[in-house]
Amino acid sequence: MKLRSYVAGGWIEGDGAGVVLRDATTGAPVAEATSAGIDFAAVLGYAHRVGGPPLRALTFHERAARLKALGRKLGEFKDEFYALSYHTGATKADSWIDIDGGIGTMLVFASKGSRELPNSHVYVDGGVEALSRGGTFVGQHVCVPLEGAAVHINAFNFPVWGMLEKLAPTLLAGVPAIVKPATATAYLTERVVARIIESGILPEGALQLVCGGLGDLFDHLTCQDAVSFTGSAATAERLRTHPRVVRESVRFLAETDSLNSSILAPDVAPGMPEFDLYVREVVREMTAKAGQKCTAIRKALVPRAQLDAVVDALTTALAGVTIGDPRLEGVRMGPLASVEQLAEVRGRIGELRRETRLACGEEAVQPLGADVAGGAFMRPTLLVRDEPRRAQAVHAVEAFGPVATVMPFQDVAEAIALARRGAGSLVASVFSADDAVAAELVLGLAPFHGRIVVVNRHSARESTGHGSPLAHLIHGGPGRAGGGEEMGGIRGVLHYMQRVAVQGTPDVIAAVSRRWVRGGTLRDPGRHPFRIPFGELVLGDTYRSGERMVTVDDIERFATLSGDTFYAHMSETEAARNPLFGGRVAHGYFLISAAAGLFVDPDYGPVLGNYGLDGLRFVKPVKPGDRIKVRLTCKEKSLRADKGWGEVAWDTEITNQDGETVASYDVLTMVSVHAVPDAAGT
Ligand code: NDP
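Residues numbered from 1 in each chain as written. Predicted model: local features only at pLDDT ≥ 70, side-chain atom pairs only at ≥ 80, totals over all residues. Heavy atoms only, no water.

A.B. asks: I'd love a proper account of the pattern of salt bridges, names of residues and values included.
C.D. replies: Two side chains that carry opposite charge are able to pair once their charged atoms sit near each other. In this structure the tally under the stated criterion is 39 salt bridges. For the salt bridge of E80 with R191, the shortest nitrogen-to-oxygen distance reads 2.7 Å. You can see E80 sitting in helix α3 (residues 78-85) and its partner R191 sitting in helix α6 (residues 186-199), a full 111 residues away along the chain. Judged by its relative accessible area of 23%, R191 is partly exposed. Two residues, R584 and E556, come together in a salt bridge whose shortest N-O distance is 2.7 Å. Residue R584 is found in the loop between α18 (572-577) and α19 (588-599), and its partner E556 is found in helix α16 (residues 552-562); the two are separated by 28 residues along the sequence. Several salt bridges share partner residues, and in doing so they unite E80, R191, R195 and E198 into one network. (Salt bridge = Lys/Arg side-chain N within 4 Å of Asp/Glu carboxyl O. Helix = DSSP H or I, 4+ residues; strand = E, 2+ residues; numbered from the N terminus. Buried < 20%, exposed > 50% of the residue type's maximum accessible area, 1.4 Å probe, protein only.)

So this is what it looks like as structure tokens:
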């Protein structure tokens, strides 16, 4: 099978013979790959001209809906993907991380996109900044999609997840992608891309695939393109210093080697649940994907008093790991991805061995159901460094396989110092039954890590584990880990957008951001805004209520009804002693209830419900005898196209008889697209 690339609207095979890709278990050829002959300037140009515009024309919600459809569609082909995945050496459990993990990540982005982004094209970042005394000149940050392409360069170890975790936020941002999988396992990525393309769910040009090298593509990058890279630090360094990347300030996100630590806290001893959880996690991290995970535990840091107990427990557990053909039930660990990778890992173990002793891993491997000569099999290898402070390699050499080093520490400070010797890592984990010790470790590790997971007996059952990056949380790390940050929910989308600070009048900012801004024009729609269906509401449409006096009787009746008899509402003398009030005041919740009474239009109509308040602040106390009134202004609209209604946020301000603001908030409502909706949504 010669792998094809999907570029400029068609599938093409590269010219000539390609690199032969082999089954990790048998060594039998699986595919050949080459990208020779591809016009890379044309590939980039195609993304710019053909892929970008239709993606940018979609709203965030429309893009999220495509991701959801895509995730579901890919779910239909899982059996096919799993079958191919065995060639990479992955067991079924390993493939689950890659395939189901990848699809799940895409679905999380779909869900976050529809819930946390507006149904429009511009992302409003933070609040309005007041820049002038009179309020005629304000500032607002907004984010818009880059108008180039995202070039995704992926590692061999996650041919599906590695692609989808980058693709989902990129597409959600409205940016087309050019995906270059690592050649060794590109046959699986190619099949997934084929299923994506044939689904027709994405606009043409939104996704291109290059199987093989990227040719001279980097020579054509512009400031509107972004590169997201996962792989070795050496390749990252070469690519990030490419003259074109430097000259055009091309965004370059990297996720590279990482010497991740897992720390058994000093409060834990054998016999405690945290001890067993720790041992289980180190073994799992060494053997899942045969240790070929950027997040795998490489440094097991344990209290000196527990060193022997931990090494014994790990050695025993590792001896029970069944190694063999990943297709067989009962096989816990398959081969490495290729014999080249095996040779690489053996070389790295050689470097580590110069300053460590071997606890286990030297015995010859006899893989179940496979021939050791053809496959890239090795035993999990556990090393021990008794004096880690004076060591170098254990803090610098990443053996990208089932390899970890156990190191003792004296106290919490030394544990932190040893973990930080990784010079920037993707993840660290802490196993502790003492929350104060855990917190001390977390804060000590934090400046050098992208993610920290704390596990104890209470969270263990539900913990997602040391090695699993999640779509909701950032994945990346400082220093050696590449300095990048992927995913993290909507944060990951913003990597593919340009943040711009816009300054102008409130009305200009509202026109750009599609969010009405205080100080902007207040429109009189000529009828109560609650009578206006979603589509006819205009930002700035305003209702101004009549006045209501707040009385002692109001306060006492509200206290009786709610049960809130706090002294500041009930006792003139005690309230007078309170430095904030100087006398009896109305309940804040009475004010917002009374405000609703002032602004609602009670008859049946397009407003379907109130689902909350945002940004509520009680600014000034209201005393008996004060007169309040309300202004309600249509601030933001987001249509739920498939539901027949949209969300409308109303900027709401309660003022007193002197025109002073006493409370300020956004009322959040669901408004029908119909003037008189019915249960059928018509
Ligand atoms: P590489 O850095 O060699 O490759 C990573 C990706 O970069 C691959 O897609 C590769 O493509 C591509 N690439 C390599 N050179 C270029 C170039 N000049 N221009 C454009 N793309 C390029 O890493 P490997 O996958 O070979 O793994 C080597 C080591 O990296 C591992 O042993 C491990 O230490 C580390 N690693 C770290 C990972 C992490 O997530 N932190 C993940 C995987 C590996 P091609 O395959 O075609 O060469």
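A.B. asks: Tell me about the site of the ligand, residues and numbers included.
C.D. replies: Within the structure, the ligand sits among 23 residues, and N154, T183, S232, T235 and T256 are positioned closest to it. Within the contact set of the ligand, an oxygen atom lies 3.5 Å away from a backbone nitrogen or oxygen of A182. One of the side-chain nitrogen or oxygen atoms of S232 is found 2.7 Å away from an oxygen atom of the ligand. A total of 870 Å² of accessible area belongs to the ligand in isolation, and the protein chains cover 79% of it. Mapped onto the shell around the ligand, the elements with two or more residues apiece are β10 (226-230) and α7 (233-240). For the shell around the ligand, the element with the highest residue contribution is α7, accounting for 3 residues. The class makeup of the residues in the shell around the ligand is 9 nonpolar, 9 polar and 5 charged. (Near = heavy atom within 4 Å. Polar contact = N/O pair within 3.5 Å; in protein donor to acceptor, adjacent residues only side chain to side chain. Areas by Shrake-Rupley, 256 points an atom, 1.4 Å probe, with all protein chains shown as cover. Nonpolar A, V, L, I, M, F, W, Y, C, P; charged D, E, K, R; others polar.)

A.B. asks: Give a description of the sheet that holds strand β18 (residues 449-455) that names residues and reports values.
C.D. replies: Spatially, the 7 strands line up as an open sheet ordered β14-β15-β16-β13-β12-β17-β18, and their pairing is mixed. Each edge of the open sheet carries a strand with a single partner, namely β14 (357-360) and β18. Taking each pair of neighbouring strands and ignoring which way they run, the sheet shows an average axis angle of 25°. Docked against the sheet, helix α10 (residues 307-319) engages β12 (260-264), β13 (297-303), β14, β15 (381-384) and β16 (403-409), running at close to 170° with respect to β15. This element, helix α13 (residues 435-445), spans β12, β17 (425-431) and β18 of the sheet and lies at about 170° to β18. (Pairing = 2+ DSSP bridges. Axes fitted to C-alpha atoms, helices over the stretch in contact; angles between N-to-C directions. Contact = heavy atoms within 4.5 Å.)

A.B. asks: Pulling in residues and values, what's your account of helix α9 (residues 273-287)?
C.D. replies: Spanning 15 residues, α9 covers 21 Å between terminal C-alpha atoms, matching the ideal 21 Å at 1.5 Å per step. In terms of residue burial, α9 counts as a mostly covered element, since 11 of its 15 residues are buried. Every buried residue of α9 is listed here: E274, F275, L277, Y278, V279, E281, V282, V283, E285, M286 and T287. Of the residues flanking the end of α9, it is K289, one or two places downstream, whose phi is positive at about 55°. (Expected span 1.5 Å × (residues − 1).)

A.B. asks: Run through the sheet that holds strand β6 (residues 138-145), naming residues and quoting values.
C.D. replies: The 3 strands are arranged β5-β6-β21 in an open sheet whose pairing can be described as antiparallel. Bordering the open sheet on either side are β5 (123-130) and β21 (497-504), each of which pairs with just one other strand. When strand polarity is set aside, the average angle formed by the axes of neighbouring strands in this sheet is 20°. Sheet topology places β5 next to β6; 5 bridges connect them, and they run antiparallel. Note that in β6 the partner of D125 across the bridge is H141.

A.B. asks: Lay out unusual backbone geometry with the relevant residues and their values.
C.D. replies: Of note in the backbone geometry, A290 takes a positive phi value of approximately 50° without being a glycine. Within the secondary structure, A290 sits in the loop between α9 and β13.

A.B. asks: Tell me about the pairing of strand β1 (residues 4-7), and please be specific about residues and values.
C.D. replies: Where β1 meets strand β2 (residues 10-13), 4 bridges bridge the pair, whose relative direction is antiparallel. From the neighbouring strand, V7 faces β2, where its bridge partner is G10.

A.B. asks: Any chance you could break down the environment of S468 for me, citing the residues and the numbers?
C.D. replies: The topology assignment puts S468 in the loop between β18 and β19 (474-476). Relative accessible area serves as the criterion here: at 28%, S468 is assigned to the partly exposed category. On a C-alpha basis, the gap between S468 and A300 in space is 17 Å, while along the polypeptide they are 168 residues apart. A polar contact is formed between the side chain of S468 and the backbone oxygen of T464, at a distance of 3.2 Å.

A.B. asks: Talk me through the packing of aromatic side chains; I want residue IDs and the actual numbers.
C.D. replies: Scanning the entire structure with this criterion turns up 10 aromatic pairs. Relative to W650, the ring of F530 lies with its centre 5.6 Å away and its plane at 55°, an arrangement referred to as tilted. Here F530 is found in the loop between α15 (506-513) and β22 (542-544), whereas its partner W650 is found in strand β26 (residues 645-655), with 120 residues between them in sequence. Its relative accessible area of 8% is what places F530 among the buried residues. (Phe/Tyr/Trp six-rings, centres within 6.5 Å; stacked < 30°, edge-to-face > 60°.)

A.B. asks: Explain the environment of S114 to me, and be specific about the residues and the numbers.
C.D. replies: Relative to the helices and strands, S114 resides in helix α4 (residues 92-116). Placed 54 residues apart in sequence, S114 and A168 show a C-alpha to C-alpha distance of 13 Å. When neighbours within four sequence positions are excluded, S114 is seen to be in contact with H61, A64 and R640.

A.B. asks: Explain the packing of helix α12 (residues 412-420) against α13 to me, and be specific about the residues and the numbers.
C.D. replies: As a packed pair, α12 and α13 sit with axes 9 Å apart at the nearest point and diverge in direction by 35°. The two elements α12 and α13 cross, and the hand of that crossing is right-handed. The segment α12 lies against α13, with V412, A415, I416, A419 and R420 engaging V437, E440, L441, G444 and L445. Grouping the amino acids of the contact of α12 with α13 by side-chain chemistry returns 7 nonpolar, 1 polar and 2 charged. (Left-handed = near helix turned anticlockwise from the far one by under 90°.)

A.B. asks: Lay out α13 with the relevant residues and their values.
C.D. replies: Given 3.6 residues per turn, any residue in an α-helix points the same way as the ones three and four places further on. If you check which residues of α13 are buried, you get V437, A438, L441, G444 and L445. Buried residues of α13, viewed axially, fall in a sector of 135°; they line one side. Pointing more than 90 degrees away from the buried face of α13 are the exposed residues D435, A436 and L443. Against β12, α12, β17 and β18 lie the buried residues of α13. For α13, the N-terminal capping position is held by D434, with its side-chain oxygen 2.9 Å away from the main-chain nitrogen of A436. (Arc of directions from axis to C-beta.)

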